[in-house]
Amino acid sequence: MIILRFDFRLGPQSSATMSELYAASLEMLEWSERNGATGVFSEHHTSSDGYLPSPIVMAAAAAARTSTLPINVAALLALMYDPVKLAEDMVVLDHLSQGRVSYTIGLGYRNEEFSMFGVDPSRRGAIMDERLSVLRRALDGERFEWDGRTIEVTPRPFSESGPMLMYGGGTPAAARRAARLGMMLLPQHSDPALAEAYDAAAIEAGNPPGMCLSPGAGAPTSLFIADDPDAGWAEIGEHLLHDARMYGEWLGSTTAASGSQATTVEELRAENGAYRIVTPDGARALRDQYGALSLQPLCGGLPPEIAWRYLEPFADL
């Protein structure tokens, strides 16, 4: 499996424009459909490099350009939305895509985002519980009262049980929340403590355990193919470094699959971690080891005409 993720960071080292990145991502997802891949759009707000704030808009555009491509919004920061309007948008997109768009709900971790959307970070867990309950009831087509409002979302979704909702996070609290709600958990890292917390909370709530799908330990999350990796790092290393440094500033010492402490291209390469440029044989070995390859073809604002040269070889694996 190949997974293409887009977040549209546009670093100062890039000559591309945001419009070019948006357009290129849709062309790359058409390529993905032809090559049996999956598309993912991520979300953050008030980011200095233009990180995608509206993933549902991009998911709708991708759904309109494809017919079979699975699309996931990960993570959808549910606290930044009115849950009733979010349910309506999801229902429309469920029909447009004929059930191909799924969602990995995330709590968020940046105070700038909480402040921008009027969310009290000290209550974010309780607010998430409430918003998820409202969202799921709304997607079920239930007529109910919430916060002094009468809620009834129409039409009913295209999918019989509504669009798939999963939960993402990297803490035991996230694992317990997902388990209580009977939602699949997609953690940010491979710490086995999350699966243990999930299973214990699921059993207590009367839900099935075993639905914590951790990433493979050490698997890259931004993978590129080049016949000459040395030349590849020289050409696109600064773009990868921008992405790594921005996430490093946001995450601090928090463990995440895409985490890096690198401050130079040389350090990023030496980590041999989330960001890698490998030969075709190297990519095949990683595919055999992990079962899936995660790509970020426009990483850091990589100009599309360059990005395609590193993406197209994946079709020949």
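Above this text you will find the structure in question.
All figures in this text were calculated on a predicted structure; none of them were measured in a lab. (Residues numbered from 1 in each chain as written. Predicted model: local features only at pLDDT ≥ 70, side-chain atom pairs only at ≥ 80, totals over all residues. Heavy atoms only, no water.)

A. Quick peek at the packing of helix H2 (residues 55–65) against helix H3 (residues 83–97). At a minimum axis distance of 9 Å, the contact between H2 and H3 shows a crossing angle of 15°. Judged on the interaxial angle alone, H3 and H2 are roughly parallel. Read as a crossing pair, H2 and H3 show a hand that is left-handed. Here Ile56, Ala59, Ala60 and Ala63 of H2 come into contact with H3, specifically with Leu86, Leu93, Leu96 and Ser97. In terms of residue class, the contact of H2 with H3 is made up of 7 nonpolar, 1 polar and no charged. (Axes fitted to C-alpha atoms, helices over the stretch in contact; angles between N-to-C directions. Helix = DSSP H or I, 4+ residues; strand = E, 2+ residues; numbered from the N terminus. Parallel < 35°, antiparallel > 145°, perpendicular 65-115°, else oblique. Left-handed = near helix turned anticlockwise from the far one by under 90°. Contact = heavy atoms within 4.5 Å. Nonpolar A, V, L, I, M, F, W, Y, C, P; charged D, E, K, R; others polar.)

B. Region of interest: unusual backbone geometry. Of the consecutive residues Ala74 and Ala75, the connecting peptide bond is found in the cis state with omega at 0°. Relative to the elements of secondary structure, Ala75 occurs in strand S3 (residues 71–77). Residue Phe8 is not a glycine yet carries a positive backbone phi of 65°.

C. Local environment of helix H11 (residues 304–311). Counting buried residues in H11 gives 6 out of 8 residues, a clear majority hidden from the surface. On the buried face of H11, the contacting elements are strand S1 (2–6), helix H1 (18–34), strand S9 (222–225), helix H8 (229–251) and strand S11 (293–295). (Buried < 20%, exposed > 50% of the residue type's maximum accessible area, 1.4 Å probe, protein only.)

D. Representation of the packing of aromatic side chains. Under the counting rule described, the total for this entry stands at 8 aromatic pairs. Ring geometry for Phe8 versus Tyr22: centroids 4.8 Å apart, planes at 80°, classification edge-to-face. Of this pair, Phe8 sits in the loop between S1 and H1 while Tyr22 is found in helix H1, placing the two residues 14 residues apart along the sequence. Using a relative accessible area of 2% as the deciding quantity, one classes Phe8 as buried. Aromatic side chains Tyr247 and Trp250 sit 6.0 Å apart centroid to centroid with 85° between the ring planes, which places their arrangement in the edge-to-face category. Of the two residues, Tyr247 and Trp250 are both situated in helix H8; the distance of 3 residues between them amounts to about one turn of the helix. Given a relative accessible area of 7%, Tyr247 falls into the buried group. Site record: aromatic cluster; members linked through ring pairs are Phe6, Phe8, Tyr22 and Phe41. A cation over a ring is seen here: Arg110 above Trp250, with NZ or CZ 4.0 Å from the ring centre. In this structure, Arg137 is placed above the aromatic ring of Phe144, and the distance from its NZ or CZ to the ring centre is 4.2 Å. (Phe/Tyr/Trp six-rings, centres within 6.5 Å; stacked < 30°, edge-to-face > 60°. Lys NZ or Arg CZ within 6 Å of the ring centre and 35° of its normal.)

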